[in-house]
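# Architecture at a glance
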Amino acid sequence: MTNSQSAQNSQAAPIPQALASIAYPAVDILDVAASLNSAERAQLQQIHEFLQTEVRPNVAEHWDREEFPFDLLQELAKQGLGEIELSETSRLFRGLVYAELTRADVSLSALVGIHNELIVGVINQLGSDQQKDRWLGRLRQFQAIGCFALTEPEHGSDIAGGLSTTATRTEQGWVINGAKRWIGAGTFADFAIVFARDVADQQIKGFLVELDREGVSTEKISGKLGLRIMQNADMLFDDVVIPEENLIPGAASFANTNEFLCSSRAWVGWQGAGIQLAIFDATRQYAVTREQFGRPLAKFQLVQEQLSRILGNASASLAMMAQVASVQEAGRLEMPHAALAKATTTRLARESAAAGRDLGGGNGILTEHELAKLFADAEILFTYEGTYNINSLIVGRAVTGVSAFV
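An account of the accompanying structure is given in this report. None of the values given here were measured: they were computed from a predicted structure.

### A word on the nonpolar core
If you look at the biggest cluster of nonpolar residues, it comprises 126 residues, and the most contacted ones within it are F148 and I193. Looking at which element gives the most residues to this core, the answer is helix α8 (residues 258–289), with 17 residues. Setting aside anything within four residues of it in sequence, one finds I193 in contact with L118, I119, V122, I123, C147, F148, A149, F207, L208 and I248.

Below you can see the structure in the form of structure tokens.
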């Protein structure tokens, strides 16, 4: 992270004269980013400045309207954000980039994270040469978008055992039938990686399904509390015929995808850290600019305690995720590690968001001041990629040897 004081909401009040000359400490107060090499630090700074100046000040109106800012995709590509998973950068760098994306907007960080961790990653490591040749080049530049169709209307936390979408092998290839829910970018993606149960051997397999095929229908899920820029969809696959070559060869059983699901859960841990950077940014800015009883809020003791608590939560989350990155770099990341990270950072994010919204008083319920937007988005992070309770049970099983699932 950086010491830049960029990109607060355009409606923010000017800083009082007495505080204008203060050089505020960086949000990454323990300087986790110092562990990066010089090239990665420079690239992170460049991405930070782009996100804070070009993205963060301009996304609130899209959030209010539940719209996706398609014009930003090519700008994200220019920053290399379409090919993070294919880069030779460190896990720490990638994590800090995801944190910076979340600091700018949670929905955009979700799109970029899913794109890299679950779409590009799966095709690159499990796809056929034909699938790689067809999709990877365009995906790297956000000229194509994929979505990850795993969750179903009746199966979320129990998806591994309960998945009901089917794949039937025929002379023409495969026929896919079933429904998916909460699929990010499902309304505008070019294809979906669809997980379906092979009726012949009952194995869950992965298939590339182009969304312009006959029998595919999608519908936007509206009225969400948070993550409003991300276009989540209900998807229906009604006798959708795909050729044999659309089977992802490395995803012939659900076990083959576990590594990606584990990495993706760790990525949400970075989102939990990143949103807290945004919460502290917005809360500190509000505290030093808002005056009550003739002085800035920042001069009140209770306000300083809240700021200290938010910063402490953010710092603990960053430090935890830095260690997770080290474990991942060594090839030792397992689901209990990822579950503990995701559960912890999103729990702290929820606490930080509540403190920030409270500090904003009446203004804290308006997206104009960003605190309400962050408060709502934190709830989504707490819930998706495994709810807090499910992740806690994964950790509990690992540390006790006793499963509470059955």
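Once you've had a look at it, read on.
### Section: helix α10 (residues 335–359)
Taking 1.5 Å as the rise per residue, α10 with 25 residues should run 36 Å; its terminal C-alpha atoms sit 36 Å apart, in good agreement. The first or second residue beyond α10 is G361, which carries a positive phi of 55 degrees.

### Some words on helix α4 (residues 91–104)
Its 14 residues give α4 an end-to-end C-alpha distance of 20 Å, which sits within 8% of 20 Å, the value for a rise of 1.5 Å per residue. Counting buried residues along α4, 14 of its 14 residues qualify, which places the element largely inside the surrounding structure.

### Notes on the packing of aromatic side chains
Summed over all chains, the structure comprises 11 aromatic pairs. Here the aromatic rings of F68 and F188 are separated by 5.1 Å at their centres, their planes lie at 40 degrees, and the arrangement is tilted. Taken as a pair, F68 in the loop between α2 (60–65) and α3 (73–78) and F188 in the loop between β3 (173–184) and β4 (191–198) lie far apart in primary sequence, 120 residues in all. Summarising the burial analysis for this pair, F68 and F188 share the class buried. Ring centres of W135 and F191 lie 4.3 Å apart, and the angle between their planes is 45 degrees; this geometry places the pair in the tilted category. Of this pair, W135 sits in helix α6 (residues 129–140) while F191 sits in strand β4; the two residues are 56 residues apart in sequence, bridging distant segments of the chain. For the pair formed by W135 and F191, the shared burial category is buried. Put simply, the rings of F68, F70 and F188 pair up and form one aromatic cluster. Over the ring of W182 we find R181; its NZ or CZ atom is 4.7 Å from the centre of that ring. A cation sits over an aromatic face here: R228 above W63, 5.1 Å from the ring centre.

### Section: the layout of surface pockets
Empty space within the largest pocket amounts to approximately 1300 Å³. Lining the largest pocket are 39 residues, and of these T151, G156, R265, E385 and G386 sit closest to its centre. For the lining of the largest pocket, the elements supplying multiple residues, two or more each, are α5 (106–126), α7 (159–162), β3, α8, α11 (371–383) and α12 (388–400). A per-element tally of the lining of the largest pocket places α8 first, with 4 residues. Looking at the lining of the largest pocket residue by residue, the class counts come to 21 nonpolar, 11 polar and 7 charged.

Rules and cut-offs
- Residues numbered from 1 in each chain as written.
- Predicted model: local features only at pLDDT ≥ 70, side-chain atom pairs only at ≥ 80, totals over all residues.
- Heavy atoms only, no water.
- Core = buried A, V, L, I, M, F, W, Y, C linked by side-chain atoms within 4.5 Å.
- Buried < 20%, exposed > 50% of the residue type's maximum accessible area, 1.4 Å probe, protein only.
- Helix = DSSP H or I, 4+ residues; strand = E, 2+ residues; numbered from the N terminus.
- Contact = heavy atoms within 4.5 Å.
- Expected span 1.5 Å × (residues − 1).
- Phe/Tyr/Trp six-rings, centres within 6.5 Å; stacked < 30°, edge-to-face > 60°.
- Lys NZ or Arg CZ within 6 Å of the ring centre and 35° of its normal.
- 1 Å grid on protein atoms, 1.4 Å probe; cavity = no way out; pocket = protein on both sides within 12 Å on 5 of 7 lines; lining within 4 Å.
- Points joined across faces, edges and corners; volume = space filled by probe spheres on them.
- Nonpolar A, V, L, I, M, F, W, Y, C, P; charged D, E, K, R; others polar.

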